[in-house]
Amino acid sequence: MSQEILAKLLPVTANFDLRGVVVDAEPWGSGHINNTYRLTVNQSGLTVHYILQGINQNIFPNVPKLMENIQRVTRHIASRNPQDPRASLTIVDARDGKPYWQNPADKACYRVYVFIEGAKTVDAVTCPEQAYQAARTFGAFQCALADMPGAPLFESIVDFHHTPKRFQKFLKVLKEDKMDRAKLCQKEIDFALAHEKECSIVVDLLANGGLPPRVTHNDTKINNVMLDAKTGEGVCVIDLDTCMPGSCLYDFGDEIRTTTATAAEDERDLSKVRFDLNLFEALVKGYLSTAGGFLTPEEKMLLPFSGRLLTGECGLRFLTDFLEGDVYFKIHRDGHNLDRCRTQFELVAQMESLENEMNKFVK
Ligand code: ADP
Ligand code: GN1
Ligand code: MG
């Protein structure tokens, strides 16, 4: 199987100077957006790995600007950590000198990163220490981006966390119901409709100056941070496609979404899906240990709410994609996006009932 994949990818890898012979290629990780492979390269007897990604150009049509963002961010993070090569993703340029390669035949774009060895990602946390480490690492990343020189980053997905616009899109897709699926998810539709009011809290505050704009990652789910395989310490923030102007609350909210849940995002048995206050507390401690110094009182106050907002937004996006016919997120089974939506809405409901406890802890 992996040899078949290798045969397909060799014409792609030939366009990058990998300093050896590519001997294996296997699908890697569980991201929903790009096509990710781990390459094994024999460099004069030494085995070295790389990450090769086919970039999702439906979602990121402007690859040159996308890669310029990633180049700026990775260089800046690397310059902040000169002693630690694992602290930043490292792009391997194509032979033509660009940070990606475009196949002239079908226009598909690919990029290569140095593989971060001795580290792992997890799809669900198993202990508070992992939550602490993930949040500490994302907080440090935000802190480092705060003084990145140059013009604002390119908006790789416009209005990515504009929750009210996400809500309007949901209403439109629901009205069309072109796959005739609304009848399969009436409970989830009702849940979404009942939460419209909360959608605009953060975007309104950003617009009226109540919250400061920041440079953020915007996709801080738990499998976008690498943890040391031995010590469990946070090593590196990855998946930089959505680094752009945003709010700290987008990042912290998405951390809450995936780092305080006791089950995977697509768990079908909702009795296993629990928002865990201990994990939340570890997350808050980790985040404040690196980001606490620059957050405004308003940002701090909204940290607990951001969990509900981002978890609800993500559930809404899964529901919209289910209704639309699974056109955005990769799915691996029928109803996958609906299963994902259900876990997210379950978490929102639990966070609502624990609102006082969450607020008390942050205070
Ligand atoms: P997607 O945008 O599809 O989520 P990611 O960039 O997050 O893609 O990559 C998918 C997975 O591949 C990650 O969750 C991680 O496990 C792994 N990965 C990505 N980049 C690296 C890297 N440089 N070194 C090691 N593993 C990586
Ligand atoms: C996607 O790329 P990945 O799998 O890390 C998505 C996020 C969602 C997440 C839900 C560019 O993240 O916004 O929160 O799935 N990324 C993009 O799991 O849409
Ligand atoms: Mg990812």
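Preceding this paragraph is the structure being described.
In short, a report on the structure. (Residues numbered from 1 in each chain as written. Chains lettered and ligands numbered in written order. Predicted model: local features only at pLDDT ≥ 70, side-chain atom pairs only at ≥ 80, totals over all residues. Heavy atoms only, no water.)

**As for the layout of surface pockets**
Selection criterion: Both site types are read off a 1 Å grid over the protein atoms alone. A 1.4 Å probe that fits but cannot get out defines a cavity, while an open set with protein on both sides within 12 Å along at least five of seven lines defines a pocket; lining residues have an atom within 4 Å of a point. Grid points are joined across faces, edges and corners, and a volume is the space filled by probe spheres set on the points. Runs of E in the DSSP output that reach at least two residues are strands. Runs of H or I that reach at least four are helices, and both are numbered from the N terminus. Residues were grouped as follows: Ala, Val, Leu, Ile, Met, Phe, Trp, Tyr, Cys and Pro as nonpolar; Asp, Glu, Lys and Arg as charged; and all remaining residues, including Gly, as polar.
Of the pockets and cavities examined, the largest pocket occupies roughly 810 Å³. Forming the walls of the largest pocket are 47 residues, and the residues nearest its centre are Gly31, Asn223, Asn224, Ile238 and Asp239. Among the elements of the structure, β3 (46-54), β6 (109-114), β7 (119-120), α7 (248-259) and α10 (303-324) are those that each provide at least two residues to the lining of the largest pocket. Residue contributions to the lining of the largest pocket peak at 5 residues, all from α10. Taken together, the residues of the lining of the largest pocket sort by class into 22 nonpolar, 13 polar and 12 charged. Taken as a whole, the second largest pocket encloses approximately 490 Å³ of empty space. Along the walls of the second largest pocket sit 30 residues, with Ser30, Gly31, His32, Asp123 and Asn223 positioned nearest its centre. Within the residue set of the lining of the second largest pocket, elements represented by two or more residues are β2 (35-43), α7 and α11 (336-353).

**Describing the nonpolar core**
We apply this condition: Buried Ala, Val, Leu, Ile, Met, Phe, Trp, Tyr and Cys residues form a nonpolar core when they are joined through side-chain atoms within 4.5 Å. With a 1.4 Å probe rolled over the protein chains alone, any residue whose accessible area is under 20% of its type maximum counts as buried; one over 50% counts as exposed, and the rest are partly exposed. Only heavy atoms matter for contacts: two residues are in contact if any of them lie within 4.5 Å across the pair.
Formed by 90 residues in total, the largest nonpolar core has its most connected members in Val73, Phe170 and Leu319. In this view, Phe170 contacts Ile189, Ala192, Leu193, Leu316, Leu319, Thr320 and Leu323; residues no more than four positions away in its chain are not counted. Judged by nonpolar contacts, the second largest core, of 20 residues, contains Ile5, Leu6, Leu9 and Trp101.

**Digging into the pattern of salt bridges**
Inclusion rule: By definition, a salt bridge exists where a carboxyl oxygen of Asp or Glu is found within 4 Å of a side-chain nitrogen of Lys or Arg.
One pass over the structure, following the stated rule, counts 19 salt bridges. Arg86 is paired through a salt bridge with Asp228; the nearest N and O atoms lie 2.6 Å apart. Here Asp228 lies in strand β9 (residues 225-228) and Arg86 lies in the loop between α2 (63-80) and β4 (91-92), a separation of 142 residues in the sequence. The exposure class of Arg86 is partly exposed, given its relative accessible area of 26%. Of the charged contacts in the structure, one is a salt bridge between Asp276 and Arg274, with a shortest N-O distance of 3.7 Å. A relative accessible area of 13% places Asp276 in the buried class. The partly exposed category is assigned to Arg274, whose relative accessible area is 45%. The structure contains a network of salt bridges with shared partners spanning Glu198, Arg308 and Glu355.

**Quick notes on helix α5 (residues 186-194)**
Here is the rule: By arc we mean the arc of the directions from the helix axis to the C-beta atoms, nothing more.
Looking only at α5, the buried set comprises Glu188, Ile189 and Ala192. Viewed end-on, α5 has its buried residues packed into an arc of 100°, placing them on one side of the element. Among the exposed residues of α5, those oriented more than 90 degrees off its buried face are Lys187 and Ala194. Next to the buried residues of α5 lie α4 (163-176), α10 and α11.

**Brief notes about the side chain of Asp24**
Inclusion rule: His is not counted here, nor are the chain ends, while Lys and Arg score as positive and Asp and Glu score as negative. Polar contact is the term for a pair of N or O atoms within 3.5 Å; when the atoms are in protein, one must be able to donate a hydrogen and the other to accept it, and sequence-neighboring residues count only if both atoms are side-chain atoms.
Along the polypeptide, Asp24 turns up in strand β1 (residues 21-27). Look at Asp24: it is buried, it has no salt bridge, and the nearest opposite charge is Arg38 at 6.1 Å. Here Ser2 takes part through its side chain, which lies 3.0 Å from a polar atom of the side chain of Asp24. Those residues in contact with Asp24 that lie beyond four places of it in its chain are Ser2, Gln3, Leu6, Arg38, Leu39 and Thr40.

**Describing empty space enclosed by the protein**
The full count for this structure, using the stated rule, is 2 cavities of 30 Å³ or more. Roughly 150 Å³ of volume is contained in the largest cavity. Taken together, 14 residues form the lining of the largest cavity, with His195, Cys199, Arg308, Gly312 and Glu313 sitting closest to its centre. Going through the elements one at a time, α4, α5, α10 and α11 are the ones with two or more residues in the lining of the largest cavity. Looking at the lining of the largest cavity, the element that brings in the most residues is α10, giving 5 residues. Its residues assigned to classes, the lining of the largest cavity shows 8 nonpolar, 3 polar and 3 charged. The computed volume of the second largest cavity comes to approximately 40 Å³. If you trace the second largest cavity, you find it lined by Val73, Thr74, Ile77, Ala87, Ser88, Leu89, Phe141, Cys236, Val237 and Leu240. Those elements that place two or more of their residues in the lining of the second largest cavity are α2 and β10 (234-237).

**Describing the pairing of β3**
Threshold: By this definition, two strands are paired if DSSP reports at least two bridges between them.
Across the 9 residues of β3, 7 count as buried, placing the element largely inside the fold. Summarising the sheet, β2 and β3 pair through 9 bridges and their orientation is antiparallel. Across the sheet, residue Val41 finds its bridge partner in β3, namely Val48.

**Quick word on unusual backbone geometry**
A positive phi is found at Arg19, a non-glycine position, where the angle reads about 55°. By the secondary structure assignment, Arg19 is in the loop between α1 (2-13) and β1. With a phi close to 40°, Asp177 is a non-glycine residue in the positive phi region.

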